[in-house]
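Working through the structure, step by step
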Amino acid sequence: MWCGCRRLLQSRSPPAWLSRPPPAAGGSSPVRPGGGRAYAPPAERKRFYQNVSISQGEGGFEINLDHRKLKTPQAKLFTVPSEALAIAVATEWDSQKDTIKFYTMHLTTLCNTALDNPTQRNKMQLIRAAVKFLETDTVCYRVEEPAALAELQKNEWDPIVAWAEKRYNVAIGSSTSILGPNIPASTKETFVSHLASYNMWALQGIEYVITQLKSLILSMGLIDRHITVEKAVLLSRLEEEYQIQRWGSVEWAHDYDLCELRARAAAGTLFVHLCSESSTVKHKLLQD
Amino acid sequence: MAALGCPLRTLRGLLRELRRASGRAGRPSRDTPAYRHIVAAFRAHRVTSEKLCRAQQELHFQAATYLCLLRSVREHAALHQEYHGKGERSPEEVAGLVGFRLPQQPGGKG
């Protein structure tokens, strides 16, 4: 949630984190559209750069907008450890047309979070926050009526819970009571020790995905490549999809939320994978 | 493993999205580092001696995730522009919605 607030703040006031000259002949001051409008949408920054490129520094890969180096909101130099991630961030910046829409740049936001750590949480606090979500996990909360929805939840969510129980050798279960499922402490410890094997950047990504999908189990399914992003988002929004099938879809609300959730979950998953991989190429000689 | 479909389809979808995503019309999308990286990665993983190659599936999953990201960002931005991007109406427009016109007050409001 605070990611969205920060984005809004960024788009309102000119961010100090871009080392740029004062706005010049581009005419970047907001022009009020129409005459005497009571409220206009917050003025967005115009795209002030032509080219986006990547360069390698000591700490990792950096992004260059024209010849200026990109910086985080707290004015640190923007460095990422992985080249593929840097290319993806550069593509985000390059795909902005006339104005910069920060709310579409999820990977940049995630990198800024990982670099700045504005909530000042250490690794253990992040892990505890992530595992805490298990107590209120979406796929463990079942309804009793309407019967069609209960059936749908059983058919769609039971397999993924069973997969998680088998994969991590834990007991999770599901519940229809308002208090939620009773998660044994050993289950939590297993997840804590599993998450401890990820580095700090990947953990930020994992916690982000969990917060968006409202489910630890679905997020682990994504991280372990067991389900696709589209499927995870569908499972997370199962009740909404059920109601949409019954009552119809409202494009400006349902499709909007669906696209936004898909974008965020995909960005988080990609972020985690790119931050925690290390690729080696083994060339085998052809034996003839 | 996730049901991902054919890698060729993912690759083609990715290249299409990248072409749509390039903001400035000047450069062809083939010059962008993203295009080069993706094509190189797909080429590198094409030849493998193992039947079930884990790295290949990892790459395909990453590619499918990135494709989902690009596609949903584009659709989300389009929906935002269409439904939420216009701000409030002015008092004249609001009056015009129901067929009224605001009175002209040459001396300003009393």
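As recorded in an unreviewed UniProt entry, chain B goes by Protein FMC1 homolog and comes from Corythaixoides concolor. The Function (unreviewed entry) field of the UniProt record for chain B holds the comment "Plays a role in the assembly/stability of the mitochondrial membrane ATP synthase (F(1)F(0) ATP synthase or Complex V)." According to UniProt, the comment filed for chain B under the heading Sequence similarities (unreviewed entry) is "Belongs to the FMC1 family."

Looking at an unreviewed UniProt entry, one finds chain A named ATP synthase mitochondrial F1 complex assembly factor 2 and attributed to Corythaixoides concolor. We quote the UniProt Subunit (unreviewed entry) comment for chain A here in full: "Interacts with ATP5F1B; involved in the assembly of the F1 component of the mitochondrial ATP synthase (ATPase). Interacts with FMC1." Taken from UniProt, the Sequence similarities (unreviewed entry) comment for chain A reads in full: "Belongs to the ATP12 family."

Residue and element names in this part refer to chain A. Turning to its location among the elements, Leu 115 is positioned in helix H3 (residues 106-116). Taking the relative accessible area as the measure of exposure, Leu 115 reaches 19% and is therefore buried. Considered as a pair, Leu 115 and Thr 72 are 43 residues apart in the sequence and their alpha carbons are 7.5 Å apart. Not counting chain neighbours up to four residues away, the residues in contact with Leu 115 comprise Thr 72, Lys 76, Leu 77, Phe 78, Thr 79 and Trp 201.

In this complex, chain B contributes 40 residues to the contact, which on the side of chain A involves 47 residues. For the chain B and chain A pair, buried surface summed over both sides reaches about 3800 Å², with 61% attributable to carbon and sulfur atoms. Here chain B is connected to chain A by one salt bridge. For Arg225(A), the salt bridge is made with Glu58(B), and the minimal N-O distance between the two is 3.8 Å. In this assembly, chain B and chain A are joined by four residue pairs in polar contact (both at pLDDT 80 or more). Listing elements by their share of the side of chain B that touches chain A, those giving two or more residues are helix H1 (7-21), helix H2 (33-44), helix H3 (54-84) and helix H4 (91-97) of chain B. Counting residues per element, the side of chain B that touches chain A draws most heavily on H3(B), at 17 residues. Its residues assigned to classes, the side of chain B that touches chain A comprises 17 nonpolar, 15 polar and eight charged.

Below, the discussion takes up the domain arrangement of chain A. Residue and element names in this part refer to chain A. As far as domains go, chain A holds domain 1 (52-105) and domain 2 (123-276). One C-alpha centre belongs to domain 1, the other to domain 2; they are set 30 Å apart. Taken together, both faces of the contact between domain 1 and domain 2 bury some 420 Å²; the carbon and sulfur share is 85%. Broken down residue by residue, the surface that domain 1 buries against domain 2 is led by Pro 81, Ser 82 and Leu 85, which jointly contribute 65%. Where domain 1 touches domain 2, the interface holds zero residue pairs in polar contact (both at pLDDT 80 or more). For the side of domain 1 that touches domain 2, the secondary structure elements donating two or more residues are strand E4 (79-80) and helix H2 (83-94).

What follows covers the state of the cysteines. The full count for this structure, using the stated rule, is zero disulfides over all chains. For Cys259(A), which is in no disulfide, the shortest distance to another cysteine sulfur is to Cys68(B) and amounts to 9.2 Å. Note on Cys259(A): relative accessible area 6%, which makes it buried.

With that settled, consider the packing of aromatic side chains. We describe a pair of aromatic rings using the distance from one ring centre to the other and the angle between the two ring planes. All names here are of chain A. According to the stated counting rule, one finds six aromatic pairs over all chains in the structure shown. Aromatic side chains Tyr 49 and Trp 93 sit 5.8 Å apart centroid to centroid with 65° between the ring planes, which places their arrangement in the edge-to-face category. In this pair, Tyr 49 sits in the loop between helix H1 (2-12) and strand E1 (52-56) while Trp 93 sits in helix H2, placing the two residues 44 residues apart along the sequence. Judged by its relative accessible area of 1%, Trp 93 is buried. Summarising the aromatic geometry, the rings of Trp 201 and Phe 271 are spaced 5.9 Å apart at their centres and angled 20° between planes, so their arrangement reads as stacked.

Let us now look at the environment of His45(B). Residue and element names in this part refer to chain B. Here His 45 is to be found in the loop between H2 and H3. Given a relative accessible area of 27%, His 45 falls into the partly exposed group. Along the chain, His 45 and His 60 lie 15 residues apart, while their C-alpha atoms are 9.7 Å from each other. In contact with His 45, not counting residues within four places along its chain, are Ala 55, Gln 56 and Leu 59.

The next subject is unusual backbone geometry. Residues and elements named next belong to chain A. Look at the link from Glu 145 to Pro 146: it is a cis peptide, with omega at 5°. Turning to its location among the elements, Pro 146 is positioned in the loop between helix H4 (123-132) and helix H5 (147-168). The backbone of Asn 169 sits at a positive phi, close to 60°, despite the residue not being glycine. Here Asn 169 is to be found in the loop between H5 and helix H6 (185-195). We note that Arg 225 has phi near 60°; this positive angle belongs to a residue other than glycine. Tracing the chain through its elements places Arg 225 in the loop between helix H8 (216-223) and helix H9 (229-236). Using a relative accessible area of 14% as the deciding quantity, one classes Arg 225 as buried.

Reading the values: the criteria
- Residues numbered from 1 in each chain as written.
- Chains lettered and ligands numbered in written order.
- Predicted model: local features only at pLDDT ≥ 70, side-chain atom pairs only at ≥ 80, totals over all residues.
- Heavy atoms only, no water.
- UniProt positions renumbered as here; feature names shortened; annotations may be inferred.
- Helix = DSSP H or I, 4+ residues; strand = E, 2+ residues; numbered from the N terminus.
- Buried < 20%, exposed > 50% of the residue type's maximum accessible area, 1.4 Å probe, protein only.
- Contact = heavy atoms within 4.5 Å.
- Buried area = accessible area lost by both parts, 1.4 Å probe.
- Salt bridge = Lys/Arg side-chain N within 4 Å of Asp/Glu carboxyl O.
- Polar contact = N/O pair within 3.5 Å; in protein donor to acceptor, adjacent residues only side chain to side chain.
- Nonpolar A, V, L, I, M, F, W, Y, C, P; charged D, E, K, R; others polar.
- Domains from an automatic or database assignment.
- Disulfide = S-S within 2.5 Å.
- Phe/Tyr/Trp six-rings, centres within 6.5 Å; stacked < 30°, edge-to-face > 60°.

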